[in-house]
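Here are the chains, one letter per residue:
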Amino acid sequence: MAETSATTGTGEPASRPRKSSWKYIGPGIVVAATGVGAGDLVATLIAGSKFGYTLMWAAVIGCVVKISLAEAAGRWHLATGRTLFDGWRSLGPWTTVYFAIYVVVWGFIYGATAMSSSALPIVALFPDGPGLKFWAIVTGLIGLVFVWFNRYAVFEKVMTVLIGIMFVVVVYVAIRVVPDVGASFAGLLPVLPDGSLLYTLGLIGGVGGTITMAAYGYWVNAKGWGNSSWMKVMRLDNRVAYITTGIFVVAMLIVGAELLHASQTALTSGDRGLIDLGKVLEDRFGAATAKLFLVGFFATSFSSLIGVWHGVSLMFADFVERFRAPAAGGEEKAGPAAAERHQRSLPFRAYLLWLTFPPMTLLWLDEPFGLVIAYGVLGAFFMPFLALTLIWLLNSSRTPGEWRNGWLSNGMLALSGLLFVVLCVQQVRELPW
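Residues numbered from 1 in each chain as written. Predicted model: local features only at pLDDT ≥ 70, side-chain atom pairs only at ≥ 80, totals over all residues. Heavy atoms only, no water.

Novice: How do you make sense of the overall build of the protein chain when you look at a structure like this?
Specialist: Across its full length, the protein chain holds 17 helices and zero strands. When each of the 433 residues of the protein chain is scored for burial, the buried share is 57%. Expressed as a percentage of contacts within the protein chain between residues at least 6 apart in sequence, the contacts between residues at least 24 apart total 86%. (Helix = DSSP H or I, 4+ residues; strand = E, 2+ residues; numbered from the N terminus. Buried < 20%, exposed > 50% of the residue type's maximum accessible area, 1.4 Å probe, protein only. Contact = heavy atoms within 4.5 Å.)

Novice: Even after reading the chapter, I still don't get the confidence of the model for the protein chain, so can you show me in this structure?
Specialist: Reading predicted coordinates in detail is not appropriate for stretches of low pLDDT. Residues of the protein chain with pLDDT of at least 70 account for 85%, and the chain-wide mean is 84. Mean pLDDT across the elements of the protein chain bottoms out in helix α9 (residues 197–205) (74) and peaks in helix α15 (residues 346–356) (97). Ignoring residues within four places in sequence, the model shows residues 327–331, a span with pLDDT below 50, making seven contacts including any to other chains. (pLDDT = per-residue confidence, 0-100.)

Novice: What exactly am I supposed to notice about the packing of aromatic side chains here?
Specialist: Aromatic ring pairs are defined here through the distance separating the ring centres and the angle between the ring planes. In this structure the tally under the stated criterion is 25 aromatic pairs. Ring plane angle 55° and centroid distance 4.9 Å describe the contact between W88 and F385, whose orientation is recorded as tilted. Of this pair, W88 sits in helix α4 (residues 84–90) while F385 sits in helix α16 (residues 369–394), placing them 297 residues apart in sequence. Summarising the aromatic geometry, the rings of F316 and F319 are spaced 5.9 Å apart at their centres and angled 40° between planes, so their arrangement reads as tilted. Of this pair, F316 and F319 both sit in helix α13 (residues 287–324), three residues apart, roughly one helical turn. Across this residue pair, the class does not change: F316 and F319 are buried. (Phe/Tyr/Trp six-rings, centres within 6.5 Å; stacked < 30°, edge-to-face > 60°.)

Novice: Hey, could you run me through the packing of helix α7 (residues 152–176) against α13 in this one?
Specialist: Relative to each other, α7 and α13 sit at 145°, their axes nearing to 9 Å. You can see that α7 and α13 cross each other, and the crossing is left-handed. Residues Y152, F155, V158, M159, L162, I165, M166, V169, Y172, V173 and R176 of α7 lie in contact with α13, whose contacting residues are T289, L292, F293, V295, G296, A299, T300, F302, S303, I306, G307 and H310. Among the residues making up the contact of α7 with α13, the classes are represented as 16 nonpolar, six polar and one charged. (Axes fitted to C-alpha atoms, helices over the stretch in contact; angles between N-to-C directions. Left-handed = near helix turned anticlockwise from the far one by under 90°. Nonpolar A, V, L, I, M, F, W, Y, C, P; charged D, E, K, R; others polar.)

Novice: Even after reading the chapter, I still don't get the pattern of salt bridges, so can you show me in this structure?
Specialist: In a structure, side chains of opposite charge can pair up when their charged atoms sit close to one another. One pass over the full model with this rule turns up ten salt bridges. As a salt-bridge pair, R151 and E340 come within 3.4 Å of each other at their nearest N and O atoms. With a gap of 189 residues between them, R151 in the loop between α6 (132–149) and α7 and E340 in helix α14 (residues 336–343) connect regions that are remote in the sequence. Linking R322 and E321 is a salt bridge whose minimum nitrogen-to-oxygen distance equals 3.9 Å. Taking relative accessible area as the criterion, R322 reaches 3% and is therefore assigned buried. Taken together, the salt bridges that share partners define one network made up of R82, D86, D318, E321, R322 and R341. (Salt bridge = Lys/Arg side-chain N within 4 Å of Asp/Glu carboxyl O.)

Novice: I'm lost on the environment of F285 in this one. Help?
Specialist: By the secondary structure assignment, F285 is in helix α12 (residues 273–285). As a C-alpha pair, F285 and V173 span 112 residues in sequence and 9.8 Å in three-dimensional space. Once residues within four sequence positions are removed from consideration, F285 is found in contact with R176, V177 and L259.

Novice: For this particular structure, what's the right way to read the side chain of N227?
Specialist: Tracing the sequence through the fold places N227 in the loop between α10 (212–223) and α11 (231–261). Accessibility expressed as a relative area gives 7% for N227, which makes it buried. Side-chain polar atoms of N227 contact the side chain of S229, separated by 2.5 Å. (Polar contact = N/O pair within 3.5 Å; in protein donor to acceptor, adjacent residues only side chain to side chain.)

Novice: Quick question: what am I supposed to make of the packing of helix α5 (residues 93–125) against α13 here?
Specialist: Any two packed helices are characterised by the angle at which their axes cross and by the distance between the axes. Between α5 and α13, whose axes approach to 9 Å, the crossing angle comes to 160°. Of the possible angle classes, the one that applies to α5 and α13 is roughly antiparallel. Crossing geometry of α5 relative to α13 is assigned as left-handed. Tallied by class, the residues present in the contact of α5 with α13 amount to 25 nonpolar, six polar and one charged. (Parallel < 35°, antiparallel > 145°, perpendicular 65-115°, else oblique.)

Novice: Please explain unusual backbone geometry as it appears in this structure.
Specialist: A negative phi holds for most residues other than glycine; trans holds for most peptide bonds. A positive phi is found at V178, a non-glycine position, where the angle reads about 60°. Within the secondary structure layout, V178 lies in the loop between α7 and α8 (181–186).

Novice: Looking at this model, I keep getting lost on α5. Mind explaining?
Specialist: Compared with the 48 Å implied by 1.5 Å per residue over 33 residues, the 48 Å span of α5 between its first and last C-alpha is a close match. Along α5, the helix axis deviates most sharply at G107, where the bend reaches about 25°. (Expected span 1.5 Å × (residues − 1). Bend = angle between axes of the 7 residues up to and from the residue.)

Novice: Just to check I follow, could you spell out helix α2 (residues 38–51) for this structure?
Specialist: Residue pairs spaced three or four apart in an α-helix point in one direction, given the helix's 3.6 residues per turn. The terminal C-alpha atoms of α2 lie 20 Å apart, and with 14 residues this matches the ideal 20 Å at 1.5 Å per residue to within 8%. Most of α2 is tucked away, with eleven of its 14 residues classed as buried. Looking at α2, one finds that the buried residues are A38, D40, L41, V42, T44, L45, I46, A47, G48, S49 and F51.

Novice: Just to check I follow, could you spell out a nonpolar patch on the surface for this structure?
Specialist: Taken together, the side chains of V60, V64, V181, F185 and L188 make up a nonpolar region of the molecular surface, amounting to roughly 440 Å² of accessible area. With respect to the secondary-structure elements, V181 resides in helix α8. (Patch = residues over 30% accessible without salt bridge, like charges linked within 9 Å, V, L, I, M, F, W, Y side chains within 5 Å. Areas by Shrake-Rupley, 256 points an atom, 1.4 Å probe, with all protein chains shown as cover.)

Novice: Where do I start with the environment of R235 in this structure?
Specialist: Secondary-structure assignment places R235 in helix α11. The class of R235 is buried, set by a relative accessible area of 17%. For the pair R235 and R75, spaced 160 residues apart in the sequence, the C-alpha separation amounts to 8.6 Å.

Novice: Looking at this structure, I do not really get the environment of Q426. What am I missing?
Specialist: If you trace the backbone, Q426 turns up in helix α17 (residues 407–429). Distance from Q426 to L198, taken between C-alpha atoms, is 8.4 Å for residues 228 residues apart in sequence.

This is how it looks when you write it as structure tokens:
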């Protein structure tokens, strides 16, 4: 698409388009580090252990789907000067009701999940120390203090270090198990073995696909990108994010295929599956490799924790501000100034506290049955909600003409929406009703 030098949705003249450059990369690294959690890596490992390299093609398609979704979210922020929640609100009050319920219930359950996930590798590294609950609380409090007292620039640097650790460890383990290059290339041919449909859909739609994709536009603004002159930069940044995610997925598929498939080793589902893998690595390659892997496991989990603590709190602060505004599209505009204001705001800090302290009660209690149901249903519906509302917003007069969806964007978002609807139905069916 051609860049514009006309007035943008922020009311500012769009300055000369910035050339896409590696020196600007940042929000993409943050969204990649946040979106890939320990549970995602286990799901990928299990797919590799069951089907070898056969589903490699699904990982590639998944990256393309995520690129299209995050690009659409970032494009909305830059082209219109409005936040994503501002766009949702313009579609009707139903979006406000849905998001209000979702962000409260999801945050309550996710807070406990993220703290437990970050504590697991610490307990494995220091088995004679305090237990899981202690380390879960410590990691939650560290995340709270870090995000409370730091702005986006420092947050991005720390996330870059964490994703660097993740990248080095995961790729090192994949190389160490000696991948079958011929089989991995053969896995790029679309094939569906018996019983693989749900694993395939999970690889395409699950890894790196959470509410943090919606937070991408907020991080773009927090980075200082405020209008359509940053569009090329944002697109490069977004591609880097999901190519990085793709490398993680491929590397973990390789580990699953080479280390677990041949030996038919089963992993525990969920985050604890990575503890199982640590034991397998120790048996085969020694304690040093196993400990290095646990460090990578911690970086994966803790980056997701602080990423959600920051990104979803930004979204919540915007939600509160827009809810208080007299009408959607009022005087308050999106952009770097708004992102800076949100990071200092009472709603931002209130949601940080909500993510940290109430979920600690779940570390002692089994998750209440009703909350599990609500969390599962709301979570399953979020990605279809995101994909379909982006199609709506980016094909309407709310978006300047030159930045509306073309046929490729519409096709990819429609494919994403269909995929996530199928996943949504399956997730709801699997809930313990």
